[in-house]
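Observations on the three-dimensional arrangement
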Amino acid sequence: MGSNLARNLASREGNTVAVFNRSPERTRTLVTEHPEAGFVAAESYDEFVASLATPRTAIIMVQAGRGTDAVISELVSRFEPGDIIVDGGNANFHDTIRREGEISPTGIHFVGTGISGGEEGALNGPSIMPGGTAESYETLGPILETIAARAPEDGAPCVTHVGTDGAGHFVKMVHNGIEYADMQLIAEAYDLIRQGTGKTPAEIADIFAEWNTGELESYLIEITAEVLRQVDAETGAPLVDVILDSAGAKGTGAWTVQNALDLGVPVSGIAEAVFARSLSSQRAQREAAASLPGPDGGWAVADADAFIEDVRQALYASKIIAYSQGFDEIIAGAAQFGWDVKKGDIARIWRAGCIIRARFLNRIADAYAEDPELLALVVAPYFRDAVAGAQQAWRRVVVAAAQAGIPAPAFSSSLAYYDGLRAERLPAALVQGQRDFFGAHTYQRVDKPGVFHTLWSGDRSEIETTPSSH
Ligand code: 6PG
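Now for a description of the structure that goes with this document. Everything quoted here is computed from the prediction, not taken from an experiment. (Residues numbered from 1 in each chain as written. Predicted model: local features only at pLDDT ≥ 70, side-chain atom pairs only at ≥ 80, totals over all residues. Heavy atoms only, no water.)

1. Notes on the nonpolar core
Grouped burial of nonpolar side chains is what soluble globular proteins tend to show. Grouped together as the largest cluster of nonpolar side chains are 95 residues, with contacts concentrated most on Phe208, Trp211, Trp350, Ile364 and Phe411. If we skip the residues at most four places from it in the chain, Ile364 touches Tyr323, Phe327, Ala347, Leu377 and Phe383. (Core = buried A, V, L, I, M, F, W, Y, C linked by side-chain atoms within 4.5 Å. Buried < 20%, exposed > 50% of the residue type's maximum accessible area, 1.4 Å probe, protein only. Contact = heavy atoms within 4.5 Å.)

Laid out in structure tokens, this is it:
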């Protein structure tokens, strides 16, 4: 990804790019394979730093973690005040906040930057989410704007100053969480259609390609069709049937959920997607459980076309929930860490270049433009109507999945979230009663202000009290 980003930068008018890798061999290969880039090859940190024009800007693309700290410390010892170090890896935003705090006294700008789009995006235009100081963005912004993807609707570059210190990596983390949810929802849609209608992967590829011409249009739907159409050269079977069903994860999805728990934001669709990958990898447990009973008999839907349309609608509704939850986490993170994140700008820079690029991000941008204080994306008029139109189909799909014994954790948890959110009254009242019973945790009443406790072990009269600290 680093070499592709360097090639992208080098291809822009007026840019000369110096490249350095701790393995000089790799640097030499890159320079030899891409003479058109006019790279300046450096074989040591000293050489690399000496080759940069001042104020210097260096973009680090290494595996997140200790490696990043090592490279940063080499650069910091050679850079001067006003120079900029960009970390373009998938760093944990807490590390980014720490690194910025350590580096800022030196006068060097440290800019944690989310970059999405994989290798191809890095070369042809990624979506870029820089954090760091507003001052650093004055220098960095114009450079990043030249290499970022351009939104097809208005040609705007998919980059903006997301917020200070760790904001860029936080937003990229949530992007990845949404990516997990979107991928899991698509996988559930595929599984339900295959098991319910008996269609082949190639036939389902056609269905996804068709969906990609409508409101579901997105990069992930597009590549899903390609993966489903792929035939294994060795066996002649659909490739999807010979790939081991254990999904990997590098951690950003789990971080999204861990931070959501800390922030108290229910990102249930994302969480189920992360857990679904974990479950898939529990091979020994899955083998031990393989003999557990499921529903009797096989499953075939009565009307395949109607079912496929239901699945399409359920997918759209669940996807809206996943994005709504993701934006909730961005809003909560911004409040917690003091970032002035513009939600509409985030939707705009995700319209192209990134893995979750999708037509409906325009709708999200519009929703936040209309009401920047929107309480939840799902209550914005367009999304409210979309979900209202899909909800019956969504329910039929979740019921069918449960009856057939097909796991659809992201579909069903998204629906449960939707019903929880719109419920006039939740059984949380009973939970409060239980907490008060065993721990005197107190409760509030619907009919008067104050904090109350029932004397459960005494005469069960109610007293007004101070809030429990538990
Ligand atoms: C992107 C991707 C990219 C990568 C993630 C996900 O935006 O370009 O999100 O960052 O694919 O690391 O990886 P896992 O699925 O392995 O967690």
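Moving on from the coordinates now.
2. A closer look at the sheet that holds strand β3 (residues 57-60)
Pairing in this open sheet of four strands is mixed, and the strands run β3-β4-β5-β6 from one edge to the other. The open sheet has two free edges, formed respectively by β3 and β6 (127-130), since each of these has just one partner strand. Taken pair by pair, the neighbouring strands of this sheet meet at an average axis angle of 25°, ignoring direction. Pairing geometry for strand β4 (residues 84-87) and strand β5 (residues 109-116), over four bridges, is parallel. Bridge pairing in β5 links Val86 to Val111. Docked against the sheet, helix α5 (residues 93-103) engages β4 and β5, running at close to 155° with respect to β5. Here helix α8 (residues 167-197) sits on the sheet and contacts β4, β5 and β6; the angle it forms with β5, its principal contact strand, is near 15°. (Pairing = 2+ DSSP bridges. Helix = DSSP H or I, 4+ residues; strand = E, 2+ residues; numbered from the N terminus. Axes fitted to C-alpha atoms, helices over the stretch in contact; angles between N-to-C directions.)

3. As for the packing of helix α13 (residues 268-281) against helix α15 (residues 304-337)
Viewed as axis vectors pointing N to C, α13 and α15 meet at an angle of 105°, and their least axial separation amounts to 7 Å. Classified by the interaxial angle, the pair formed by α13 and α15 is roughly perpendicular. Here Ser268, Gly269 and Ile270 of α13 lie close against α15, whose contacting residues are Ala322, Gln325 and Gly326. Of the residues in the contact of α13 with α15, the class split is two nonpolar, four polar and no charged. (Parallel < 35°, antiparallel > 145°, perpendicular 65-115°, else oblique. Nonpolar A, V, L, I, M, F, W, Y, C, P; charged D, E, K, R; others polar.)

4. What to know about unusual backbone geometry
Between Thr54 and Pro55 the backbone carries a cis peptide bond, its omega angle lying at -10°. By the element assignment, Pro55 lies in the loop between α3 (45-50) and β3. A positive phi is found at Ala440, a non-glycine position, where the angle reads about 50°. With respect to the helices and strands, the residue Ala440 is situated in the loop between α20 (428-439) and β7 (451-454). Judged by its relative accessible area of 38%, Ala440 falls in the partly exposed class. Backbone geometry at Thr442 places phi at a positive 70°, although glycine is not the residue there. With respect to the secondary-structure elements, Thr442 resides in the loop between α20 and β7. Assessed through its relative accessible area of 8%, Thr442 is described here as buried.

5. Here we look at the environment of Gln63
Along the polypeptide, Gln63 turns up in the loop between β3 and α4 (66-76). Of the residues examined, Gln63 reaches a relative accessible area of 66% and is grouped as exposed. With 26 residues separating them along the chain, Gln63 and Gly89 place their C-alpha atoms 6.5 Å apart.

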